[in-house]
Amino acid sequence: MGGDQPHANGSEPVENGVNGVEDVEMEEDTAGGPTSSIQTNKDRDGDEMTVVVPPSKGSRLSGQPGQDTKKDQEGDVSMEGTEEKEAKETEPEIDPRAKAVQDIKNNFNLLERAVTQFDPRFTLRVLRSISSMRKHITPDVLAEVIVDTYPSSHQTASFLLEAIGKAGAYDGAKMELDSDKSKPVAREILPEVDMYLSILVQIYLYDHKEIQRGADFSSKLVERLRTLNRRTLDSLAARVYFYYSLFYEQLAPLPPSPTAAVISIRKPLLAALRTAVLRKDVDIQATVITLLLRNYLSTSHVTQADLLIAHNTFPASASNNQIARYLYYLGRIRAIQLRYSEAHEHLTGATRKSPSSYSASGFYQASTKHLVIVNLLMGDIPDRSIFRQPSLERALHPYFLLVRAVSVGDLDGFLNIVNTHGATFRKDGTYTLILRLRQNVIKTGLRVMSLAYSRISLRDICIRLGLDSEESAEYIVAKAIRDGVIEASIDHEKGYMQSKEVGDIYLTSEPSEAFHARIKACLALHDESVKAMRFPMNQHRLELKNAQEARERERELAKEIQEGEMDEDDAGGDFDGI
């Protein structure tokens with residue numbers, strides 16, 4: 001069946017006239033054309049060639065194939081379906097457990113390469129692979145890897161097996177170990193392998209909600225980690241501290257209680273930060289700073305968080321995710337301190353650096369919520385397109401209603417939205433910031449009325465804004481004029497507000513300032529992208545060493561030529577004397 005069809009990519013020639021297709025004579029073989037079977041015609045001149053072009057899918061459908069052709073096509077389809085079915089039946093099924101065990105053992109080789117070559121990229125590759133095998137991590141998988149990796153008398157093996165509830169794993173494998181006579185002598189196990197398996201244990205305990213066991217295991221693991229001083233452990237140790245803090249955040253009593261369990265880990269985290277700064281450990285330093293800021297904000301200790309920022313410098317060479325977290329917490333702190341311009345800058349950077357993966361959508365939503373509130377506090381209205389993004393549309397619906405009420409200056413609507421969605425705002429940590437928006441709603445309402453009316457009485461302002469008296473409306477209008485919110489004047493005797501004519505905004509410097517801010521943001525993004533590029537460590541030293549060796553060889557050759565032991569022809573034509 002398959003022999004009736006022409007093969008365009010085959011090496012054997014195809015007979016002419018298959019399926020009603022005639023020969024096509026071509027004088028030149030066009031470059032970049034489809035691959036075709038070529039047959040030389042000996043009866044004609046040697047310069048001419050006969051090319052057989054197989055029928056395309058369109059020509060088969062548009063032509064008038066005969067009954068034989070139809071049967072051939074049906075036969076081909078049935079044959080292809082049979083081959084696919086046989087291929088699926090013969091393909092062996094992969095055991096997820098065996099695959100997870102093999103992936104973990106393969107990562108041991110990457111960790112060894114990271115140690116021997118002193119290249120952290122291999123360690124980062126190991127950490128990135130955890131997400132793909134995370135759902136297959138079970139006590140049986142971990143116990144099998146631990147038994148195959150460590151001898152039964154190893155302390156780390158007993159420590160890991162006790163954490164996953166498999167303390168008797170070596171008893172079941174004792175018969176195999178005794179019968180395996182050809183097993184080679186075990187090599188020395190690297191501390192990086194110990195920490196990698198410990199991280200897998202932490203992930204298993206966290207995914208199965210065994211918070212207390214995970215907190216106890218992480219505390220002992222941190223104590224062990226402090227006894228080690230290896231730069232190849234930096235990335236792994238940073239992940240250990242991350243899960244260490246994550247376990248204690250979910251222990252009772254929960255924050256923001258003044259006796260929350262997260263307060264007890266501040267001292268170990270500060271000690272780790274001090275050690276990381278002394279050792280110039282960028283990964284642990286960046287991770288621990290963000291964990292401490294999160295810890296302080298969870299219990300509303302804003303002053304301590306501000307002191308931590310003032311006395312520490314966040315490493316500029318940290319990973320993109322750590323920088324995004326740091327900017328997010330820094331923006332929250334500055335917003336609480338009424339420094340809205342700085343908060344807007346930091347939160348904007350956090351949203352831009354936020355990972356685009358689905359698993360990181362929560363961080364993007366949280367940073368966008370705070371950015372929307374800060375925009376409102378600055379007197380700006382966020383763009384409507386922000387709320388139309390698929391990942392934000394549902395999560396930001398209460399904030400969309402809030403923005404709509406603030407943009408029209410509806411004070412009653414604003415208060416109703418705060419009362420209706422107060423639980424959501426408290427959960428997001430934006431409730432206290434939203435309460436500050438009452439004055440902004442009043443100012444926005446005044447701005448709208450100043451643009452709509454050239455003259456309006458204070459009584460009408462009091463009714464439209466829902467204020468208590470005309471006197472309070474007069475004070476609010478006077479303050480808005482002094483702050484530059486509106487351009488108007490008050491006639492105290494007649495009791496009305498007179499608006500001034502608004503000039504052309506393009507005659508001011510505001511468009512150029514906005515354009516300059518956008519250019520500055522693009523240039524900053526370019527600089528940060530260049531800084532985030534990773535290269536092999538100490539590669540420049542290897543190049544300098546090779547250049548120095550080349551200069552030494554040139555000096556030796558020049559010395560031999562000067563002494564007469566060697567002439568220029570023996571040295572080679574490309575030799576340049578010094």
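Residues numbered from 1 in each chain as written. Predicted model: local features only at pLDDT ≥ 70, side-chain atom pairs only at ≥ 80, totals over all residues. Heavy atoms only, no water.

(A) Layout of the overall build of the protein chain. Across its full length, the protein chain holds 28 helices and six strands. Excluding contacts between residues fewer than 6 apart, the proportion of contacts in the protein chain whose partners are at least 24 apart in sequence is 61%. Here the protein chain displays about 36,200 Å² of accessible surface, and carbon together with sulfur accounts for 50% of that area. (Helix = DSSP H or I, 4+ residues; strand = E, 2+ residues; numbered from the N terminus. Contact = heavy atoms within 4.5 Å. Areas by Shrake-Rupley, 256 points an atom, 1.4 Å probe, with all protein chains shown as cover.)

(B) Broad picture of the pairing of strand β6 (residues 496–499). Relative to β6, strand β4 (residues 455–457) is paired through three bridges, and the arrangement is antiparallel. Its bridge partner lying in β6, S457 is registered against Y496. Direction of pairing for strand β5 (residues 488–491) relative to β6: antiparallel, over a ladder of four bridges. Bridge assignment links D491 to a residue of β6, and that residue is Y496. Linking two consecutive strands that pair antiparallel, namely β5 and β6, is a turn of four residues; a positive phi of about 75° is found at G495 within it. (Pairing = 2+ DSSP bridges.)

(C) The arrangement of the nonpolar core in detail. Counting residues in each nonpolar core, the largest one holds 134 residues, and the members touching the most others are L197, Y241, F414 and I461. The leading source of residues in this core is helix α10 (residues 191–207), at 11 residues. (Core = buried A, V, L, I, M, F, W, Y, C linked by side-chain atoms within 4.5 Å. Buried < 20%, exposed > 50% of the residue type's maximum accessible area, 1.4 Å probe, protein only.)

(D) Seen up close, the confidence of the model for the protein chain. The pLDDT averaged across the protein chain works out to 79; a share of 77% of its residues lies at or above 70. Across residues 1–81, confidence stays below pLDDT 50; counting only partners more than four residues off in sequence or on other chains, it has 59 contacts. Segment residues 179–185: pLDDT under 50, and one contact once partners within four positions in sequence are set aside and those in other chains are kept. (pLDDT = per-residue confidence, 0-100.)

(E) Broad picture of unusual backbone geometry. Geometrically, the link from A252 to P253 is a cis peptide bond, its omega value of -5° lying close to zero. With respect to the helices, strands and loops of the structure, P253 is situated in the loop between α12 (234–249) and α13 (266–279). Look at the link from P255 to P256: it is a cis peptide, with omega at 10°. Assignment of secondary structure puts P256 in the loop between α12 and α13.

(F) View of the sheet that holds β5. Here we have three strands laid out as an open sheet, ordered β4-β6-β5, and antiparallel in their pairing. Strand pairing shows two members of the sheet lacking a second neighbour, β4 and β5, which therefore form its edges. If you compare each strand with its neighbour and ignore which way they point, the axes differ by 20° on average. Along the sheet, helix α25 (residues 470–482) contacts β5 and β6; its crossing angle with β5, the most-contacted strand, is approximately 150°. (Axes fitted to C-alpha atoms, helices over the stretch in contact; angles between N-to-C directions.)

(G) Focus on helix α16 (residues 320–336). Given a rise of 1.5 Å per residue, 17 residues ought to cover 24 Å, and the 25 Å separating the end C-alpha atoms of α16 matches this to within 8%. In terms of residue burial, α16 counts as a mostly covered element, since 13 of its 17 residues are buried. Downstream of α16 by a residue or two, L338 has a phi angle that is positive, lying close to 65°. (Expected span 1.5 Å × (residues − 1).)

(H) Fine view of the environment of K99. Here K99 lies in helix α3 (residues 96–116). In sequence terms K99 and H136 are 37 residues apart; their C-alpha atoms lie 9.0 Å from each other.

(I) Representation of α25 in the model. Along its 13 residues, α25 runs 18 Å from first to last C-alpha, staying within 8% of the 18 Å computed at 1.5 Å per residue. Among all positions in α25, only A473, V477 and A480 are buried. With its buried residues spanning 60° around the axis, α25 presents them on a single face. Opposite the buried face of α25, at more than 90 degrees from it, the exposed residues are Y475 and R482. (Arc of directions from axis to C-beta.)

(J) Expanded view of the packing of aromatic side chains. Scanning all chains against the criterion turns up 11 aromatic pairs. With a centroid separation of 5.2 Å and an interplanar angle of 65°, the aromatic rings of Y399 and F425 are classed as edge-to-face. Linking Y399 in helix α19 (residues 397–408) with F425 in helix α21 (residues 422–428), this pair joins segments that are 26 residues apart in sequence. Each member of the pair, Y399 together with F425, is buried. The ring of F159 carries R224 above its face, with NZ or CZ at 4.2 Å from the centroid. (Phe/Tyr/Trp six-rings, centres within 6.5 Å; stacked < 30°, edge-to-face > 60°. Lys NZ or Arg CZ within 6 Å of the ring centre and 35° of its normal.)

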